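# Secondary and tertiary structure notes
Listed here are the chains, written in short residue letters.
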Amino acid sequence: MDRVEIETKVIQFITTKVENLDVSTINESSKFEELGLDSMDTIQLLFDAEDTFGINFEGEEAKGFTCVGDIISYIEKHQVPASS
Amino acid sequence: MHVVVTGMGVVSPIGIGTDQFWAAAVNGISGIQRIRSFDASGQRSQIAGEITGFNPANFLSAKHIEQTDRFTQLALLATSLALEDAGGLDAYAPQRLAVSIGSGMGGFSTFESSATRNFRNQPIPPFTVPRTMANSAAAWIAIKHRLKGVNLTCSTACSSGANAIGMALDLLRAGRADAVIAGGAEACVLPLTMTGFEVLHALTTSFNTDPARASRPFAKGRDGFVMSEGAGVLILEKEEDAKRRGAKIYARLAGYGQACDATHIVMPDMNGQVAAMQSAIKDAGMEPDSIDYINAHATSTPLGDVVETRAIKHLFGDRAGDIAINATKSMIGHTVGASAAIGSIATIMALYTGTIHPTINLDEADPECDLAYTPNHSQQKNPRNGLCNAFGFGGNNASILFTTLE
């Protein structure tokens with residue numbers, strides 16, 4: 001997946017997990033707290049994202065995540081090629 | 001100072017809400033079926049009292065469902081029903097509203113599923129600990145209803161709910177709260193808990209193909225208890241306050257007794273049971289002669305029902321046979337830490353309506369169980385003073401005494 005594709009999927013995923021969110025207001029730079037997520041909500045979101053995207057956020061790195069773009073970048077960097 | 005019950009909420013295998021629960025109870029309906037929540041074909045005991053028609057999405061957001069174990073969800077529903085029944089507690093300051101909830105196993109469903117994931121090297125849900133902890137239900141009740149007073153959890157196995165209600169009585173008497181949301185909740189119809197009780201030979205195994213007949217307290221041929229889930233919650237207030245706010249009053253919570261066997265971790269001891277009942281009666285300033293109804297602990301284990309029968313005979317002597325006794329577990333199975341909370345609701349309804357619900361599956365009593373257990377059909381007895389017994393692992397015996405207002 002290229003970055004744009006990942007961004008679309010991540011934003012779509014977030015709208016399924018966070019209630020009352022307008023998809024048009026979310027972008028890469030959206031901070032989790034701006035989406036109404038507290039620190040525990042963010043941990044839950046990342047846990048759910050692991051299942052959805054088939055990845056495993058390394059604890060120390062994920063601790064520093066503050067915005068939607070952090071998730072996108074991580075998935076882009078760690079994605080397994082669809083075919084080789 | 002008297003403490004009264006002004007609201008009740010129950011979530012049980014025979015009904016959600018007191019009306020549904022009581023209608024099924026007086027008609028002797030069994031809520032025991034083959035287990036549906038997981039594949040139980042490998043269990044020795046394949047039946048349980050599971051709650052049908054319960055959907056947490058009806059009252060919790062998706063986020064809150066993710067953050068709560070099933071036992072908390074059951075407790076939250078029972079609490080909402082009880083508060084609604086009591087007409088709310090807006091008359092009191094939030095800081096004076098306490099919560100006292102019992103649970104034997106707490107969020108064991110979460111524990112079991114997260115442990116399984118962990119053993120498979122899968123990540124575990126972030127809310128594993130706050131979902132599992134025993135005080136999760138009491139905490140969520142406080143969060144949902146903004147109850148800022150004392151918040152307690154009691155975990156004494158099968159007597160948890162009784163002790164939680166007893167602790168609530170103590171809180172009100174001590175002036176530490178103006179009203180208490182008190183009860184018990186349990187949701188451990190799970191492979192690990194079932195297997196755990198199976199290896200202790202505590203569960204019934206002979207009625208897997210005839211579930212409705214499996215829970216048979218005091219009956220010949222009983223071979224263990226039926227695992228069950230549920231929640232029961234009472235709203236408790238001081239009588240004068242309840243009357244001042246015009247609340248409907250179901251009964252008085254008149255006494256609470258507690259005694260530890262201090263003998264064996266799982267085997268019951270008659271002396272501890274006698275002491276608990278005696279203590280509850282004394283706590284209410286009454287005499288054994290005034291007791292005319294007992295909602296028995298009666299789990300349907302071969303030993304437990306006989307020991308409780310002996311305890312009642314020992315305490316009440318020649319009058320034992322005159323006391324109306326019944327076993328709510330004959331219909332709903334054993335809801336562990338919720339059992340005495342649900343049993344309390346059955347006790348209160350007996351005092352409030354005059355009807356003693358039946359002990360079902362009691363066609364032929366065990367010769368060693370020879371008291372008046374209200375076999376198979378309800379009886380109109382108009383009891384005035386009812387004990388609700390709860391005896392748990394750890395030799396933990398509790399008895400609570402409810403009375404009519406007059």
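For clarity, every value in this text was computed on a predicted model and none was experimentally measured.

## A look at the overall build of chain A
Along chain A, the regular secondary structure elements total 4 helices and 0 strands. Counting from the amino terminus, chain A carries its helices and strands in the arrangement α-α-α-α. Since a compact globule built from 84 residues should have a radius of gyration of about 12 Å, the 12 Å found for chain A is in line with a globular shape. On the principal axes, the C-alpha backbone points of chain A span a range of 40 × 30 × 20 Å.

## With respect to the overall build of chain B
Within chain B, the secondary structure is distributed over 13 helices and 15 strands. Taken over the C-alpha trace, chain B has a radius of gyration of 19 Å; the compact-globule value for 406 residues is 22 Å, and the two agree within 12%. When the backbone C-alpha atoms are referred to their principal axes, chain B occupies close to 60 × 50 × 40 Å. Every one of the 406 residues in chain B was classed for burial, and the buried ones make up 59%. Taking as baseline every contact in chain B between residues at least 6 positions apart, the subset at least 24 positions apart corresponds to 80%.

## Description of the packing of helix 10 (residues 270-283) of chain B against helix 11 (residues 302-316) of chain B
Residues and elements named next belong to chain B. Packing of helix 10 against helix 11 brings their axes to within 9 Å, and their N-to-C directions diverge by 50°. With respect to helix 11, the axis of helix 10 lies oblique. Considering the relative orientation of helix 10 and helix 11, their crossing is right-handed. When helix 10 is examined against helix 11, the residues Met270, Gln273, Val274, Met277 and Gln278 are found in contact with a partner set consisting of Val307, Glu308, Arg310, Ala311, His314 and Leu315.

## A few points about helix 3 (residues 70-85) of chain B
All names here are of chain B. Between its first and last C-alpha, helix 3 extends 23 Å over 16 residues, near the 22 Å set by a 1.5 Å rise per residue. Most of helix 3 is tucked away: 14 of the 16 residues are buried. Just downstream of helix 3 lies glycine 87, where phi reads positive at about 75°.

## Focus: helix 4 (residues 68-78) of chain A
Residues and elements named next belong to chain A. Residues Val68, Ile71, Tyr74 and Ile75 constitute the buried set of helix 4. Down the axis of helix 4, the sector holding all buried residues measures 130°, keeping them to one side. Turning to helix 4, the residues buried within the fold contact helix 1 (3-17) and helix 2 (39-53).

## Digging into the interface of chain B and chain A
Contact with chain B, which involves 8 residues of that partner, is made by 7 residues of chain A. Per-class residue counts for the side of chain B that touches chain A are 5 nonpolar, 1 polar and 2 charged.

## Brief notes about the packing of helix 7 (residues 160-174) of chain B against helix 13 (residues 339-353) of chain B
Residue and element names in this part refer to chain B. Where helix 7 contacts helix 13, the axes come no closer than 5 Å and their chain directions differ by 65°. If you check the angle between helix 7 and helix 13, you find them roughly perpendicular. Seen from helix 7, the contacting residues are Gly161, Ala162 and Ile165; seen from helix 13, they are Ser339, Ala340, Ala341 and Ser344.

## Some thoughts on unusual backbone geometry
Residue and element names in this part refer to chain B. The phi angle at phenylalanine 218 is positive, at roughly 70°, despite the residue not being glycine. Mapped onto the elements of the fold, phenylalanine 218 is located in the loop between helix 8 (191-199) and strand 8 (230-238). Even without a glycine there, the phi angle at asparagine 361 is positive, about 65°. Along the chain, the position of asparagine 361 falls in the loop between strand 12 (355-356) and strand 13 (379-380). In this structure asparagine 361 comes out as buried when scored by C-beta crowding, with 27 C-beta atoms within 10 Å.

## Regarding the environment of arginine 245 of chain B
Residue and element names in this part refer to chain B. Secondary-structure assignment places arginine 245 in the loop between helix 9 (239-244) and strand 9 (251-260). Residue arginine 245 is classed as partly exposed on the basis of its 16 C-beta neighbours within 10 Å. With 73 residues separating them in the primary sequence, arginine 245 and aspartate 318 have C-alpha atoms 43 Å apart.

## Some remarks on the environment of phenylalanine 218 of chain B
All names here are of chain B. Taking the C-beta count within 10 Å as the criterion, phenylalanine 218 has 28 such neighbours and is therefore assigned buried. Once the C-alpha coordinates of phenylalanine 218 and serine 300 are considered, the two residues, 82 residues apart in sequence, prove to be 6.5 Å apart. In contact with phenylalanine 218, not counting residues within four places along its chain, are Ala298, Asp305, Ala327, Thr359, Leu362, Ala365, Asp366, Cys369 and Tyr373.

Cut-off values and rules
Residues numbered from 1 in each chain as written. Chains lettered and ligands numbered in written order. Predicted model: local features only at pLDDT ≥ 70, side-chain atom pairs only at ≥ 80, totals over all residues. Helix = DSSP H or I, 4+ residues; strand = E, 2+ residues; numbered from the N terminus. Rg over C-alpha atoms; globule rule 2.2 N^0.38 Å. Buried ≥ 20, exposed ≤ 12 C-beta atoms within 10 Å, placed from the backbone. Contact = placed C-beta atoms within 7 Å. Axes fitted to C-alpha atoms, helices over the stretch in contact; angles between N-to-C directions. Parallel < 35°, antiparallel > 145°, perpendicular 65-115°, else oblique. Left-handed = near helix turned anticlockwise from the far one by under 90°. Expected span 1.5 Å × (residues − 1). Arc of directions from axis to C-beta. Nonpolar A, V, L, I, M, F, W, Y, C, P; charged D, E, K, R; others polar.

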